[in-house]
Amino acid sequence: MKIDGGCYCGRIRYEAEVDPASVVICHCADCQTFSGSPFRTVVLTTPDTFRLLAGTPKVFVKTAESGNRRQQTFCGECATPIYSAPADGDTRVVVLRVGSIRQRAELVPQDQYWFRSAQPWLASLPTISKQEKQPVFNPDRTVRHE
Ligand SMILES: [Zn+2]
Ligand SMILES: [Zn+2]
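Conventions used here
- Residues numbered from 1 in each chain as written.
- Chains lettered and ligands numbered in written order.
- Predicted model: local features only at pLDDT ≥ 70, side-chain atom pairs only at ≥ 80, totals over all residues.
- Pairing = 2+ DSSP bridges.
- Helix = DSSP H or I, 4+ residues; strand = E, 2+ residues; numbered from the N terminus.
- Axes fitted to C-alpha atoms, helices over the stretch in contact; angles between N-to-C directions.
- Buried ≥ 20, exposed ≤ 12 C-beta atoms within 10 Å, placed from the backbone.
- Contact = placed C-beta atoms within 7 Å.

J.: Got a minute to help me understand the sheet that holds strand E9 (residues 95–97) in this structure?
T.: Whenever strands of a sheet pair, they do so through backbone hydrogen bonds, lying parallel or antiparallel. Taken together, the seven strands give an open sheet; going across it, the order is E6-E7-E8-E9-E4-E3-E10, and neighbouring strands pair in mixed fashion. Of all strands in the sheet, those with a lone pairing partner are strand E6 (58–63) and strand E10 (111–113), marking the two edges. For this sheet the average axis-to-axis angle between neighbouring strands, irrespective of direction, equals 30°. The sheet contact formed by strand E3 (residues 24–26) and strand E4 (residues 40–44) spans three bridges and is antiparallel.

J.: Is there a simple way to explain the environment of Gly55 in this structure?
T.: Within the secondary structure, Gly55 sits in the loop between strand E5 (51–54) and E6. You can call Gly55 partly exposed: it has 18 C-beta atoms within 10 Å. Between the alpha carbons of Gly55 and Gly99 there is a distance of 18 Å; along the sequence they are 44 residues apart. Filtering out sequence-adjacent residues up to four positions away, Gly55 remains in contact with Arg11, Ile12 and Arg13.

J.: How do you make sense of the sheet that holds strand E1 (residues 2–6) when you look at a structure like this?
T.: Read from one edge to the other, the open sheet built from three strands follows the order E1-E2-E5, with strand pairing classed as antiparallel. Of all strands in the sheet, those with a lone pairing partner are E1 and E5, marking the two edges. Shown here is a sheet whose adjacent strand axes are inclined to one another by a mean of 25°, direction ignored. Pairing of strand E2 (residues 13–17) with E5 involves three bridges; the strand directions are antiparallel. Looking at the pairing, Tyr14 lines up with Leu52 of E5.

J.: How should the pairing of strand E8 (residues 81–86) be read in this particular structure?
T.: Regular strands place side chains that alternate from one sheet face to the opposite one. Sheet topology places strand E7 (residues 69–74) next to E8; four bridges connect them, and they run antiparallel. Residue pairing across strands places Gln72 opposite Ser84, the latter belonging to E8. Linking E7 to E8, which pair antiparallel, is a turn of six residues; within it Ala79 sits at a positive phi near 70°.

J.: Hey, could you run me through the environment of Arg141 in this one?
T.: By the secondary structure assignment, Arg141 is in the segment after E10. Sequence separation of Arg141 and Gln110 is 31 residues, and the distance between their C-alpha atoms is 40 Å.

J.: Could you clarify how one ought to interpret the environment of Thr80 in this entry?
T.: Looking at the secondary structure, you find Thr80 in the loop between E7 and E8. Excluding anything up to four places from it in sequence, Thr80 contacts Cys7, Tyr8, Phe74, Cys75 and Ser100.

In structure tokens:
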């Protein structure tokens, strides 16, 4: 599947081919921290199909518990995470952050990694109250009870 995407501020734009069957959620502690979210959703690119159309991401090299060194790339202006790739060697396949892909609604996760560190409240997500948009922020009323 052909996809394209970019960062929030628009300085970085890319295109690639991805296999929708390779969309996974990662619940590892590092993904929670890097994404600022309870989990991260990623998809693998088909080898040699990732192409930057605009901009150059900043690179942070992370060393995993296993000793694996991976590039974590992001926009240096707006901080949108873009992809990860091996820091050493073969970078024909990159792991895109699904939130930066324009066609993300079509990319449905097929598996969940590191589920042992998943946030325990995720199972109750369907029962948490929902608003179409967000309420107006009122600093004098930081906790809302309906
Ligand atoms: Zn940006
Ligand atoms: Zn992870």
